[in-house]
Amino acid sequence: AQSVTQLGSHVSVSEGALVLLRCNYSSSVPPYLFWYVQYPNQGLQLLLKYTSAATLVKGINGFEAEFKKSETSFHLTKPSAHMSDAAEYFCAVSDRADSSYKLIFGSGTRLLVRP
Amino acid sequence: DTGVSQDPRHKITKRGQNVTFRCDPISEHNRLYWYRQTLGQGPEFLTYFQNEAQLEKSRLLSDRFSAERPKGSFSTLEIQRTEQGDSAMYLCASSPRGSSYNEQFFGPGTRLTVL
């Protein structure tokens, strides 16, 4: 069964610093990969997704993620953190062989941005 | 164009009571998903519909839970004889027909508190 590991339940960065949130998946066949952001008491908003095109995926709000098959990773980065980036970030996968396309989420990483 | 809406946003109930939540997907999205998110965790898949047909149910969906999508539009999730362990955020998502099945759009969620 698919699983997703997000290293670090909390990540703290200074405003203007690089943001790096880590995500590793478990399957030998690369799944569809997603990053979602969740602000307090709100639903999830899609930041970006990898389906099978370019390995470097650009998303909204200046975020991007790189798919690395050899490392089974899909880490999320942003060159310069902004206070408004403070939120919970979830990595999710969807098995290409599963016609339901249901999402399997990691446990999330809370990003704190210090002024 | 409105997004996915859920009602109510918050529900407080006493143990043993029944509750029902409603989800209105994006118009013309034929797939609808329900997820449950407990504190500090990522969302977990509960069930999904394609049009009015419920095609998969997670083992998390005990016999106290029932979901419907009678006309292939809105959906309801009912929990009978609620327990304190049912306290969670219940998220609904929809996705459109075609190759974008792998992109799901989430509603704001219904937060359930069972006293």
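Our subject is the structure listed above.
The following refers to the structure shown. All of these numbers come straight from a predicted model, not from anything done at the bench. Each chain has its residues counted from 1, running along the sequence as written. Going through the entries in the order they are written, you letter the chains from A and number the ligands from 1. Confidence filtering applies because this is a predicted model: local features only for residues at pLDDT of at least 70, side-chain atom pairs given and counted only at 80 or more, and all residues used for totals across whole chains, interfaces and linings. Side-chain metrics rest on all non-hydrogen atoms present in the structure, leaving aside hydrogens and water.

**Observations regarding the overall build of chain A**
Note the threshold: Only runs of H or I of at least four residues qualify as helices and only runs of E of at least two qualify as strands under DSSP, and these elements are numbered from the N terminus. Radius of gyration: C-alpha atoms only; globule rule: 2.2 Å multiplied by the number of residues to the exponent 0.38. Under the scheme applied here, a residue whose accessible area is under 20% of the maximum for its type counts as buried, over 50% as exposed, and between as partly exposed, the area being computed with a 1.4 Å probe on protein chains only. By definition, residues are in contact when any of their heavy atoms lie within 4.5 Å. Surface accessibility follows the Shrake-Rupley procedure with a 1.4 Å probe radius. Residue values consider only the protein chains on display as shielding. The convention is simple: Lys and Arg are positive, Asp and Glu are negative, and His and the chain ends are not counted. Every charge is mapped onto a representative atom, which is NZ of Lys, CZ of Arg, CG of Asp or CD of Glu.
Summing up its helical and strand segments, chain A has zero helices and twelve strands in all. Relative to the globule expectation of 13 Å for 115 residues, the C-alpha radius of gyration of chain A, 14 Å, shows essentially globular dimensions. Taken along its principal axes, the extent of the C-alpha atoms in chain A is 45 × 30 × 20 Å. Burial analysis of chain A (115 residues in total) assigns 48% to the buried set. The long-range share in chain A, meaning contacts at least 24 apart out of those at least 6 apart in sequence, stands at 57%. Summed over all atoms, the accessible surface of chain A reaches about 5300 Å², with 53% contributed by carbon and sulfur. Positive and negative side-chain charges of chain A, numbering 10 and 8 respectively, have mean locations separated by a distance of 1 Å.

**Here we look at the pattern of salt bridges**
Stated precisely, the cut-off is as follows: We define a salt bridge as a contact between a side-chain nitrogen of Lys or Arg and a carboxyl oxygen of Asp or Glu at a distance within 4 Å.
Under the definition given, this model contains nine salt bridges over all chains. The residue Glu 88 of chain A makes a salt bridge to Arg 110 of chain A at a minimum N-O spacing of 2.8 Å. A residue pair is termed long-range when its members are at least 10 positions apart, and Glu 88 of chain A in strand β10 (residues 87–94) and Arg 110 of chain A in strand β12 (residues 109–114) qualify at 22 residues. The closest approach of N and O atoms between Glu 56 of chain B and Lys 102 of chain A, which form a salt bridge, is 2.9 Å. With Glu 56 of chain B in strand β6 (residues 53–57) and Lys 102 of chain A in the loop between β10 and β11 (104–105), this pair bridges two chains. With a relative accessible area of 24%, Glu 56 of chain B lands in the partly exposed category. Classification of Lys 102 of chain A as buried rests on a relative accessible area of 17%.

**A few points about the state of the cysteines**
Residues and elements named next belong to chain A. Rule in force here: The rule for a disulfide is simple: a pair of cysteine sulfur atoms within 2.5 Å.
Inspection of every chain in the model, using the stated rule, returns two disulfides over all chains. For Cys 23, the disulfide goes to Cys 91, at an S-S distance of 1.9 Å. One disulfide, between Cys 23 and Cys 91, carries an S-S torsion of -60° and so falls in the left-handed class. Remark: Cys 91 occurs in strand β10 and Cys 23 occurs in the loop between β3 (19–21) and β4 (24–25); sequence separation between them is 68 residues. There is no split in this pair, since Cys 23 and Cys 91 are both buried.

**Observations regarding the pairing of β6 of chain B**
For a regular strand, the rule is simple: side chains alternate between the two faces of the sheet. Residue and element names in this part refer to chain B. Note the threshold: When DSSP locates at least two bridges between a pair of strands, those strands are taken to pair.
Alignment of strand β5 (residues 44–50) against β6, held across four bridges, turns out to be antiparallel. When the bridges of β6 are listed, Tyr 48 appears paired with Glu 56. Remark: two residues form the turn of the hairpin made by β5 and β6, two consecutive strands paired antiparallel; Asn 51 in that turn has positive phi of roughly 55°.

**Some remarks on the interface of chain A and chain B**
To keep it simple, the criterion reads: By the criterion applied in these results, polar contacts are pairs of N or O atoms within 3.5 Å in which, for protein atoms, one can donate a hydrogen and the other can accept it, and in which residues neighboring in sequence qualify only through two side-chain atoms. Each residue is assigned to one of three groups, with Ala, Val, Leu, Ile, Met, Phe, Trp, Tyr, Cys and Pro labelled nonpolar, Asp, Glu, Lys and Arg labelled charged, and all others, Gly among them, labelled polar.
Counting from both sides, the interface comprises 21 residues of chain A and, opposite them, 21 residues of chain B. The residue Glu 103 of chain B makes a salt bridge to Lys 49 of chain A at a minimum N-O spacing of 2.9 Å. Taken together, the links from chain A to chain B amount to nine residue pairs in polar contact (both at pLDDT 80 or more). Only β5 (32–38) and β6 (44–50) of chain A provide two or more residues apiece to the side of chain A that touches chain B. Here the residues of the side of chain A that touches chain B sort into nine nonpolar, nine polar and three charged.

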